[in-house]
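# Structural characterization, general
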Amino acid sequence: MKKVCFILATLLLSAQYMYAQTSGCEKLDKWIETWKKGQQTYFGYPVNEKSQLHDFYEWYLSTGMEVINLNNAGDPMTNTPDKMSTHAFEREVIEYFAPYYDFDIDNVWGIVTHSGTDGNNHGIYFGANYLKNKTKMEPIVYVSDEAHYSNMRLAHLQNLDMRLVKSDPMGRMIPEELEKALDTSRPVLIVYAMGSTFKGAIDDMKALNAVIARHKEIPAVYRHVDAALFGGYLPFTKHKAMVSHKEIGFESIAISGHKFFGIDSPSGLFFCTRDIYENQSDFNVTYLNGNMRMINCSRDAVQPLKFWWLIQKVGSKGWSQQAQSMMECTAYLKQQLDKIGWPAWVNEYSNTVFFRRPSADIVNLYKLALGYDDNFGGELAHIVVMQHVTKEKIDVFINTLKNSKQK
């Protein structure tokens with residue numbers, strides 16, 4: 001019965017787009033048709049395929065916004081926002097979300113970023129500048145070997161010394177390995193993974209902070225949290241203390257907008273304390289009403305509007321419901337994999353279940369992300385349980401796996 005319901009739902013979705021306006025370009029129309037069909041089984045990557053921006057685009061076109069060129073260059077947290085920008089909305093977005101990460105409104109600075117990587121770039125850049133201004137010394141970046149590759153790339157891009165710290169089998173930075181790697185004669189810039197790329201691991205930030213705190217001789221410390229996906233849903237769960245600036249003690253955090261929140265193209269949020277922002281290099285640009293301390297000059301003015309729109313349309317109640325459903329479905333997926341004897345693992349607080357890799361046909365059908373780890377038998381795949389990965393879809397997936405075992 002559940003399988004029949006799933007097929008009917010797929011047919012209804014297909015019908016929704018049957019009468020969509022064509023582009024007049026056969027290649028483009030075929031591409032969108034293929035994408036819409038594949039969207040139903042897009043399980044391997046952290047995107048929200050139930051985005052609520054349809055009304056936004058109706059408003060956007062009806063008002064003629066598509067012919068208005070807006071640019072959010074400059075600081076949205078000033079009291080004199082540029083009128084030909086969406087700075088005022090951007091500031092509202094920052095001030096709305098800041099308390100969810102336990103920043104005080106009068107002690108926070110932030111922007112809507114181009115992506116999670118852009119947020120990490122700001123975290124590492126701001127951290128390095130802050131430490132150099134405080135100590136007149138170059139910091140060393142510490143990051144786990146299972147954290148997102150952007151952190152390694154960004155340290156290289158910024159010409160910073162970096163040390164990879166070993167992780168445990170589940171993907172968490174090992175405190176004892178951090179201790180071994182520490183150079184206590186130089187400032188520490190540590191990047192914490194809140195949801196490692198493949199296993200969905202969260203570094204034990206309190207344990208790692210304790211390692212650093214034991215070394216009073218360290219000149220200065222800056223902690224940045226790469227919370228791309230997990231920073232979206234955790235604030236709306238009972239585990240919200242895990243993303244608390246005050247509880248954990250981090251100086252900055254980056255969150256993706258195109259994952260949990262469902263914005264339809266790369267975007268994100270970056271937050272830090274005012275002290276961090278005030279200890280950046282000044283680039284006074286008179287026509288931008290003051291300092292240009294952020295990395296990007298031109299910045300997207302539409303993404304803040306999408307964030308603002310979703311705050312009005314979804315808000316805390318909607319995101320709390322979505323986060324709860326995701327966590328329930330994650331537990332359900334792991335339970336069902338266990339029932340059929342398919343080796344699978346999940347980190348605490350995570351919506352990412354990794355498991356023994358199935359056949360290539362199943363990998364392709366469900367767009368599964370692939371990994372490899374000898375600790376878990378070699379070839380692996382994972383599912384990121386987002387808003388569109390329902391229990392009904394999980395049942396269909398499990399039946400597909402079960403049938404593949406019997407062949």
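Now for a look at the structure at hand. What you see is a predicted model; the values in this text were computed from it and never measured.

Tallying secondary structure elements over the protein chain gives 15 helices and 13 strands in all. Taken over C-alpha atoms, the radius of gyration comes to 22 Å for the protein chain, in line with the 22 Å a tight globule of 407 residues would show. Counting only residues that meet the buried cut, the protein chain has 52% of its 407 residues in that class. A separation of at least 24 residues holds for 71% of the contacts in the protein chain among residues at least 6 apart in sequence. Carbon and sulfur atoms provide 53% of the accessible area of the protein chain, an area that totals close to 19,300 Å². Between the mean site of the 43 positive side-chain charges and the mean site of the 45 negative ones, the protein chain shows a separation of 5 Å.

Turning our eyes to something else, we now look at a nonpolar patch on the surface. Residues Leu28, Trp31, Ile32 and Trp35 make up a contiguous nonpolar surface patch of roughly 410 Å² in combined accessible area. Assignment of secondary structure puts Trp31 in helix α2 (residues 26-39).

Let us look at the pairing of strand β4 (residues 188-193). Remark: a regular strand shows side chains that alternate across the two faces of the sheet. Burial runs high along β4: six of the six residues are buried. As judged from the four bridges shared by strand β2 (residues 140-144) and β4, these two strands associate in the parallel manner. Directly across from Ile140, in β4, lies its bridge partner Val188. As defined by bridge partners, β4 adjoins strand β5 (residues 221-226) across six bridges and the pair is classed as parallel. Of the residues in β5, the one forming a bridge with Val191 is His224. The β-α-β motif built from β4, the intervening helix α8 (residues 205-213) and the parallel element β5 has right-handed crossover chirality.

Strand pairing within a sheet occurs via backbone hydrogen bonds; the two strands may be parallel or antiparallel. Strand order in the open sheet formed by four strands is β10-β11-β13-β12, and the pairing between neighbours is antiparallel. At either end of the open sheet lies a strand with only one pairing partner, and these are β10 (344-346) and β12 (369-373). If you compare each strand with its neighbour and ignore which way they point, the axes differ by 30° on average. One ladder, built from five bridges, connects β12 with strand β13 (residues 378-384); its direction is antiparallel. Opposite Asp373, over in β13, you have Gly378 as the bridge partner.

It is worth spelling out the packing of aromatic side chains at this point. Counted according to the given criterion, the structure contains 43 aromatic pairs. Where Trp345 meets Phe354, the ring centres are 5.6 Å apart and the plane angle is 25°; that geometry is what we call stacked. Relative to Phe397, the ring of Tyr366 has its centre 4.9 Å away and its plane inclined at 80°; by these criteria the two rings are edge-to-face. One end of the pair, Tyr366, is in the loop between α14 (360-365) and β12; the other, Phe397, is in helix α15 (residues 391-406), with 31 residues separating them in the sequence. Neither Tyr366 nor Phe397 differs from the other in exposure class; each is buried. Ring pairs connect the aromatic residues Tyr96, Phe97, Tyr100, Phe230, Tyr233, Phe236, Phe260, Phe261, Phe307 and Trp319, which therefore count as one cluster. One cation-aromatic arrangement involves Arg356 over Trp342; the distance from NZ or CZ to the ring centre is 4.1 Å.

Before going further, it helps to spend a moment on the sheet that holds β5. Read from one edge of the open sheet, seven strands run β1-β7-β6-β5-β4-β2-β3, paired in mixed fashion. With partners counted over all chains shown, the strands left at the sheet margins are β1 (109-113) and β3 (161-165), one partner each. Averaged over neighbouring strand pairs, the angle between their axes works out to 15° when direction is ignored. With five bridges connecting them, strand β6 (residues 252-256) and strand β7 (residues 268-272) associate as antiparallel partners.

About the cut-offs
- Residues numbered from 1 in each chain as written.
- Predicted model: local features only at pLDDT ≥ 70, side-chain atom pairs only at ≥ 80, totals over all residues.
- Heavy atoms only, no water.
- Helix = DSSP H or I, 4+ residues; strand = E, 2+ residues; numbered from the N terminus.
- Rg over C-alpha atoms; globule rule 2.2 N^0.38 Å.
- Buried < 20%, exposed > 50% of the residue type's maximum accessible area, 1.4 Å probe, protein only.
- Contact = heavy atoms within 4.5 Å.
- Areas by Shrake-Rupley, 256 points an atom, 1.4 Å probe, with all protein chains shown as cover.
- Lys, Arg positive; Asp, Glu negative; His and termini not counted.
- Charge placed at Lys NZ, Arg CZ, Asp CG, Glu CD.
- Patch = residues over 30% accessible without salt bridge, like charges linked within 9 Å, V, L, I, M, F, W, Y side chains within 5 Å.
- Salt bridge = Lys/Arg side-chain N within 4 Å of Asp/Glu carboxyl O.
- Pairing = 2+ DSSP bridges.
- Right-handed = clockwise from strand over helix to strand, strands pointing away.
- Axes fitted to C-alpha atoms, helices over the stretch in contact; angles between N-to-C directions.
- Phe/Tyr/Trp six-rings, centres within 6.5 Å; stacked < 30°, edge-to-face > 60°.
- Lys NZ or Arg CZ within 6 Å of the ring centre and 35° of its normal.

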